[in-house]
Amino acid sequence: MAQIKIVVGSTYGNASQIAEDCAEQLQKMGHETDFLSEPTYEQVIDKPDVILICTSTVGQGEVPTNLMPLYCKLKDHQPDFSQVRFGLIALGDSSYETYAEGGKLMNELMRDLNAKPVGQALFIDSCETPDPDEAAASWVDEWSTKL
Ligand SMILES: Cc1cc2nc3c(=O)[nH]c(=O)nc-3n(C[C@H](O)[C@H](O)[C@H](O)COP(=O)(O)O)c2cc1C
């Protein structure tokens, strides 16, 4: 079973709610989860095994304020994440030109740090996805089989 750090980026609570549901789902499968609603650099670099990022996008394609300090510190310090596996759930709204850019920035950063992607990232477009919870739950079901 994996030790999964769940890194949340959320302004209005949508991504946070989805992340909480994912944590519960993963725990029921027997995984250990560490829910980081205000994720810090120290928490994330402390023996990371699997990181699940669940973030929305705010402003004009930015990562949410609660995730920004971690994003900047990871970019500055460039820790070696070659032993880390990660998954990504990105919430966004395709009516914005900067669709899901917050998630894309996190995805790019994790790859730059040599973290290994587990499966494909999930993009949840609020314009097209009537039931985001359902979309996330079935993605987690499949994603967890690859851990
Ligand atoms: C002020 C504002 C700016 C936003 N900017 C973007 C954006 O640039 N790109 C995008 O894909 N979605 C954007 N969104 C949509 C949010 O990412 C989407 O509503 C998401 O579900 C919010 O999740 P949260 O409640 O976890 O913050 C924006 C929403 C608001 C209210």
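Residues numbered from 1 in each chain as written. Predicted model: local features only at pLDDT ≥ 70, side-chain atom pairs only at ≥ 80, totals over all residues. Heavy atoms only, no water.

Quick look at the site of the ligand
The test is simple: Put simply, a residue is near a molecule or strand once any heavy atom of it comes within 4 Å of that molecule or strand. Polar contacts here mean pairs of N or O atoms no more than 3.5 Å apart (in protein, one a potential hydrogen donor and the other a potential acceptor; neighbouring residues in sequence count only if both atoms are side-chain atoms). For accessible areas, the Shrake-Rupley method is used with a probe of radius 1.4 Å. Any residue's cover is judged against the shown protein chains and nothing else. By definition, any uninterrupted DSSP run of H or I lasting at least four residues is a helix, any uninterrupted run of E lasting at least two residues is a strand, and each is numbered from the N terminus.
Taken together, 19 residues lie around the ligand, and Ser 10, Ala 15, Thr 57, Thr 98 and Ala 100 are the ones closest in. The contact in question runs from a nitrogen atom of the ligand to an N or O atom on the backbone of Gly 59, over 2.9 Å. Within the backbone of Ala 100, one N or O atom sits 2.7 Å away from an oxygen atom of the ligand. Relative to its unbound accessible area of 650 Å², the ligand is 84% covered by the protein chains. Every element with two or more residues in the shell around the ligand is listed here: α1 (14–28) and β4 (85–92).

Points about the packing of α1 against helix α5 (residues 132–145)
Our working definition: What counts as an axis is a line fitted to C-alpha atoms, over the stretch in contact for a helix, and the angles between N-to-C directions run from 0 to 180 degrees. For any pair of crossing helices, the crossing counts as left-handed if the nearer helix is rotated counterclockwise from the farther one by less than a right angle, and right-handed if it is rotated clockwise. Contacts were defined at the residue level, with two residues in contact if any of their heavy atoms lie within 4.5 Å. The classification used treats Ala, Val, Leu, Ile, Met, Phe, Trp, Tyr, Cys and Pro as nonpolar, Asp, Glu, Lys and Arg as charged, and all other residues, Gly among them, as polar.
Contact pair α1 / α5: the axes reach a minimum separation of 10 Å and the direction vectors enclose 40 degrees. Remark: the crossing between α1 and α5 carries right-handed chirality. Each of Ile 18, Asp 21, Cys 22, Gln 25 and Leu 26 in α1 lies in contact with α5, whose residues at this interface are Pro 132, Asp 133, Ala 136, Ala 137, Val 140, Asp 141, Trp 143 and Ser 144. Looking at the contact of α1 with α5, its residues break down into 8 nonpolar, 2 polar and 3 charged.

What about the environment of Met 68?
Topologically, Met 68 is positioned in helix α3 (residues 68–77). In sequence terms Met 68 and Ser 37 are 31 residues apart; their C-alpha atoms lie 12 Å from each other.

Observations regarding helix α4 (residues 101–112)
Heads up, the rule is: For a helix, the expected span equals 1.5 Å multiplied by the residue count minus one.
Its 12 residues place the ends of α4 16 Å apart at the C-alpha level, agreeing with the 16 Å of an ideal helix rising 1.5 Å per residue. The secondary structure elements touched by the buried residues of α4 are β3 (50–55), α3 and β4. Backbone geometry just downstream of α4 places Asn 114 in the positive-phi region, at approximately 70 degrees.

Details of the UniProt feature "domain: Flavodoxin-like" (unreviewed entry) in the protein chain
So the rule is basically this: UniProt positions are given in the numbering used here, feature names are shortened, and annotations may be inferred rather than shown by experiment.
In this structure's numbering, the residues bearing the UniProt feature "domain: Flavodoxin-like" (unreviewed entry) are residues 4–144. Counted over residues 4–144, helix gives 39% and strand 22%. Its end C-alpha atoms are 10 Å apart.

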